[in-house]
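# Remarks on the overall topology
Residue strings, one per chain:
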2 protein chains.
Amino acid sequence: MRFWKKYAEVQVRNSSMLCIGLDTTLEMVPPEYAGLEPREALTAFNRTVIEATHDLAAAYKLNLAFYEQHGIEGWQAFEDTLQMIPATCITIADAKRGDIGNTSAGYAKTFFERYDCDALTVAPYMGRDSVAPFLEYSDKMTFVLALTSNEGSHDFQRKTVNGKPLYMDVIETARSWTAHNNVGFVVGATHVAELAEVRACFPDTPLLIPGIGAQGGDAAAAVRANAGGVAFINVSRGILQAPRQAGVALRETIRAAALSFMKDLRHGTADSTTITIP
Amino acid sequence: MRFWKKYAEVQVRNSSMLCIGLDTTLEMVPPEYAGLEPREALTAFNRTVIEATHDLAAAYKLNLAFYEQHGIEGWQAFEDTLQMIPATCITIADAKRGDIGNTSAGYAKTFFERYDCDALTVAPYMGRDSVAPFLEYSDKMTFVLALTSNEGSHDFQRKTVNGKPLYMDVIETARSWTAHNNVGFVVGATHVAELAEVRACFPDTPLLIPGIGAQGGDAAAAVRANAGGVAFINVSRGILQAPRQAGVALRETIRAAALSFMKDLRHGTADSTTITIP
């Protein structure tokens, strides 16, 4: 199974839960790339990030919103960036797609075939037939939104259904939709108690954990709550927008920020179990 | 407010609830367009549909999954198609997007600014801050998924929260997020009793009603359930894949199918109130 094979390999090589979110905006692009068209500017910035971190990160996550807003140029930057990520790192398309069965099949084809991403985020609201087409790709990983990192997670995800919060119902239900060990869940680092509870209930389920840094989640706390399970702890703005000091190259700034998060992640690991590969 | 102005104008001109879903696939493209590249084939087919129906339809709905699966060529076809739709008809991007606040703002910018669509579908699972950036566009319409037309709508949308089905909670909650009369909901024609109930509770709320035809919903029943409210009743495959008879041009086949649905929609209207424009 390709996702798990890559996961095992990247753990041997980088031993890392760090997922770098390439939520790149033109505002982040530094003066040295001034004058480039959007496609080139986004790609040049991403190239620097990838070159600076590919021996540290387990995965790169590309949120489609940041590319789609530049239209076709943005999609070209998305394609270019995927090409630049070493085959040894896991690629996650953070697309949060989901539609009726035949339509979701189109999205699955886009991200799992055309772009050959290793993993994808999907929205659960439309139920089984909206998620099933993604789960048919047994060599890929589908991360279903469960308890997201944002304030709005309180509006519906925590409401009680069948005596438990909706996000727990989503996890239990979606897990029953596949026998291929290819479903994971998005649980925000901003909900550390719930993250620990999800991990305790589902020790073998991969989690994609956003919300570190700019959103307020704490890396070490997330690692402790995750208790040694398979997890991708995502940092986007905390690395991409790390403050630069005069005379220090972007690449060094990015690498130092990534190393600093790695240290936080390892600090969290110190008092929990070792990462195990299923 | 542009959406409502266009709605009023198209009702004066076409007096129609018909929304044509341009869920175009290469398999639909007939022999006369053989040999074209995907961009040209999708665009040529859509041009025929639009030319055949623009005096009948109130709106065209483009589901992004059908374009995105062809990568950049598909996005070009999406852009080309939007350009071809007369300014008098409403354009709905069926994208079902939704993300944390700053990211949803990117999607809003994409569809409401870059592509200048009149309306968009969004997913509610991530709550208020994931939907609010769309609602900031007071001259556009945001259709939030409530009770979708597919089988999977039973998995979460109908579950009971606070003593009512989740989809009703979504409608009540999302309505409280804007004072601009710019939120509508997706309610499938495959749930005709629930559609009638939603309409009875929220007589002035615009509804986007998919699920007619290939998905099993009945046009006249949906119109009766809608009871004269503002609604876009979507037909995709029922028009795009209307069976062709030998010697009849695609354009005539498409137009005849659209006229047939118009008749069904009018039949439904006969015993309900007249469409009123808020």
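Cut-offs and rules
Residues numbered from 1 in each chain as written. Chains lettered and ligands numbered in written order. Predicted model: local features only at pLDDT ≥ 70, side-chain atom pairs only at ≥ 80, totals over all residues. Heavy atoms only, no water. Helix = DSSP H or I, 4+ residues; strand = E, 2+ residues; numbered from the N terminus. Polar contact = N/O pair within 3.5 Å; in protein donor to acceptor, adjacent residues only side chain to side chain. Contact = heavy atoms within 4.5 Å. Buried area = accessible area lost by both parts, 1.4 Å probe. Salt bridge = Lys/Arg side-chain N within 4 Å of Asp/Glu carboxyl O. Buried < 20%, exposed > 50% of the residue type's maximum accessible area, 1.4 Å probe, protein only. Pairing = 2+ DSSP bridges. Axes fitted to C-alpha atoms, helices over the stretch in contact; angles between N-to-C directions. Disulfide = S-S within 2.5 Å. Core = buried A, V, L, I, M, F, W, Y, C linked by side-chain atoms within 4.5 Å. Phe/Tyr/Trp six-rings, centres within 6.5 Å; stacked < 30°, edge-to-face > 60°. Parallel < 35°, antiparallel > 145°, perpendicular 65-115°, else oblique. Left-handed = near helix turned anticlockwise from the far one by under 90°. Nonpolar A, V, L, I, M, F, W, Y, C, P; charged D, E, K, R; others polar. pLDDT = per-residue confidence, 0-100. Least-squares fit on C-alpha atoms with pLDDT ≥ 70 in both.

What follows is about the side chain of B:Thr121. Its location among the elements puts B:Thr121 in strand β4 (residues 119-122). A polar side-chain atom of B:Thr121 sits 2.6 Å from a polar atom in the side chain of B:Asp94.

To continue, consider the interface of chain B and chain A. At the junction of the two partners, chain B supplies 58 residues and chain A supplies 57 residues. For the pair chain B and chain A, the summed buried area comes to about 4700 Å², and 58% of that belongs to carbon and sulfur atoms. Among the residues of chain B in contact with chain A, B:Ile72, B:Tyr125 and B:Phe156 are the three that bury the most area, contributing 19% of the side total. Our count for the chain B to chain A interface comes out at six salt bridges. For A:Asp99, the salt bridge identified is with B:Lys96, shortest N-O distance 2.8 Å. The tally of links between chain B and chain A comes to 32 residue pairs in polar contact (both at pLDDT 80 or more).

Let us look at the side chain of A:Asn226. Residue and element names in this part refer to chain A. Position of Asn-226 among the secondary structure elements: in helix α9 (residues 219-226). By relative accessible area, Asn-226 is classed as buried at 0%. Engagement of the side chain of Asn-226 in a polar contact is seen with the side chain of Arg-199, the distance being 2.9 Å. Beyond its immediate stretch of four places on either side in the chain, Asn-226 contacts Met-17, Arg-199, Leu-207, Ile-209 and Ala-231.

Residue and element names in this part refer to chain A. Spatial ordering of the closed barrel is given by β1-β2-β3-β4-β5-β8-β9-β10, a layout of eight strands whose pairing is parallel. In this sheet, adjacent strand axes meet at a mean angle of 30 degrees when their direction is disregarded. In this sheet, strand β10 (residues 231-235) lies alongside strand β1 (residues 18-21) in parallel orientation, the contact comprising three bridges. Of the residues in β10, the one forming a bridge with Ile-20 is Val-235.

Okay, the state of the cysteines next. Residues and elements named next belong to chain B. Tallying each qualifying case throughout the model produces zero disulfides over all chains. Cys-19 provides the cysteine sulfur closest to Cys-117, a residue in no disulfide bond, and the two sulfurs are 12 Å apart. Judged by its relative accessible area of 0%, Cys-117 is buried.

Residues and elements named next belong to chain B. Since its relative accessible area comes to 1%, Thr-121 is described here as buried. Separated by 98 residues in sequence, Thr-121 and Asp-23 have C-alpha atoms that sit 15 Å apart. Excluding residues that lie within four positions of it along the chain, Thr-121 makes contacts with Ala-93, Asp-94, Ala-95, Lys-96, Arg-97, Phe-143, Val-186 and Leu-208. A polar contact of 3.0 Å, which involves the side chain of Thr-121, links it to the backbone nitrogen of Ala-95.

It is worth spelling out the sheet that holds strand β8 (residues 183-187) of chain B at this point. Residue and element names in this part refer to chain B. Pairing in this closed barrel of eight strands is parallel, and the strands run β1-β2-β3-β4-β5-β8-β9-β10 around the ring. Neighbour-to-neighbour, the strand axes of the sheet open up by a mean angle of 30 degrees, direction not taken into account. Where strand β3 (residues 90-97) and β4 come together, three bridges link them in parallel fashion. Opposite Ile-92, over in β4, you have Ala-119 as the bridge partner. The sheet contacts of helix α8 (residues 192-201) involve β5 (141-147), β8 and β9 (207-209), and relative to β9 the element is tilted by about 170 degrees.

Ranked by size, the top nonpolar core spans 207 residues in total, and within it A:Phe111, A:Phe232, A:Ile239, B:Phe111, B:Phe232 and B:Ile239 carry the most contacts. Setting aside its immediate chain neighbours within four residues, A:Phe111 contacts A:Leu64, A:Trp75, A:Phe78, A:Ala93, A:Ala95, A:Arg97, A:Asp116, A:Cys117, A:Leu120 and B:Glu68.

Right, let's talk about the packing of aromatic side chains for a bit. Applying the stated rule across the entire model yields 31 aromatic pairs over all chains. Measuring from centroid to centroid gives 6.5 Å for A:Phe3 and A:Tyr7, while their planes differ by 10 degrees, and the two rings are stacked. In this pair, A:Phe3 and A:Tyr7 are both assigned in helix α1 (residues 2-14), four residues apart and thus about one turn of the helix distant. Residue class for A:Tyr7 comes out buried when judged on its relative accessible area of 0%. Ring plane angle 55 degrees and centroid distance 6.1 Å describe the contact between A:Phe156 and B:Trp177, whose orientation is recorded as tilted. In this pair, A:Phe156 is assigned in the loop between β5 (141-147) and β6 (160-161) and B:Trp177 in the loop between α7 (166-175) and β8, connecting two distinct chains. For the pair A:Phe156 and B:Trp177, one class covers both residues: buried. Grouping aromatic residues by their ring pairs yields a cluster made of A:Tyr67, A:Trp75, A:Phe78, A:Phe111, A:Tyr115, B:Tyr67, B:Trp75, B:Phe78, B:Phe111 and B:Tyr115.

This brings us to the packing of α7(B) against α8(B). Residues and elements named next belong to chain B. It is at 12 Å that the axes of α7 and α8 come closest, and there the two elements cross at 25 degrees. One finds that α7 runs roughly parallel with respect to α8. Judged by the sense of rotation from one axis to the other, the crossing of α7 with α8 is right-handed. Residues Tyr-167, Met-168 and Ile-171 of α7 lie in contact with α8, whose contacting residues are Glu-194, Glu-197, Val-198 and Cys-201. In terms of residue class, the contact of α7 with α8 is made up of five nonpolar, no polar and two charged.

As a further point, take the confidence of the model for chain A. Residues at a pLDDT of 70 or more form 96% of chain A, whose mean pLDDT is 94. Complex prediction metrics read pTM 0.96 and ipTM 0.95.

In this section: helix α6 (residues 128-135) of chain B. All names here are of chain B. Burial analysis of α6 places six of its eight residues in the buried class, the great majority of the element. Taken together, the buried positions of α6 are occupied by Asp-129, Ser-130, Val-131, Pro-133, Phe-134 and Leu-135. The secondary structure elements touched by the buried residues of α6 are β3, α5 (101-114), β4, β5 and β8.

Bringing the packing of helix α8 (residues 192-201) of chain A against α9(A) into the picture now. The geometry of a pair of packed helices is captured by two quantities: the angle between their axes and the separation between those axes. Residues and elements named next belong to chain A. As a packed pair, α8 and α9 sit with axes 8 Å apart at the nearest point and diverge in direction by 25 degrees. It follows from the interaxial angle that α8 and α9 lie roughly parallel. The hand of the α8/α9 crossing is right-handed. Residues Val-192, Leu-195, Ala-196 and Arg-199 of α8 form the contact with α9, whose participating residues are Ala-221, Ala-222, Ala-225 and Asn-226. For the contact of α8 with α9, the class distribution of residues is six nonpolar, one polar and one charged.

The operation relating chain B to chain A is a screw motion whose rotation component is 180 degrees, with 0.0 Å of axial translation and a residual RMSD of 0.0 Å. Given the turn and translation reported, the copies of this chain are related as if by a two-fold rotation axis. Same-surface contact between copies: 98% of interface residues of chain B are shared with the interface of chain A.

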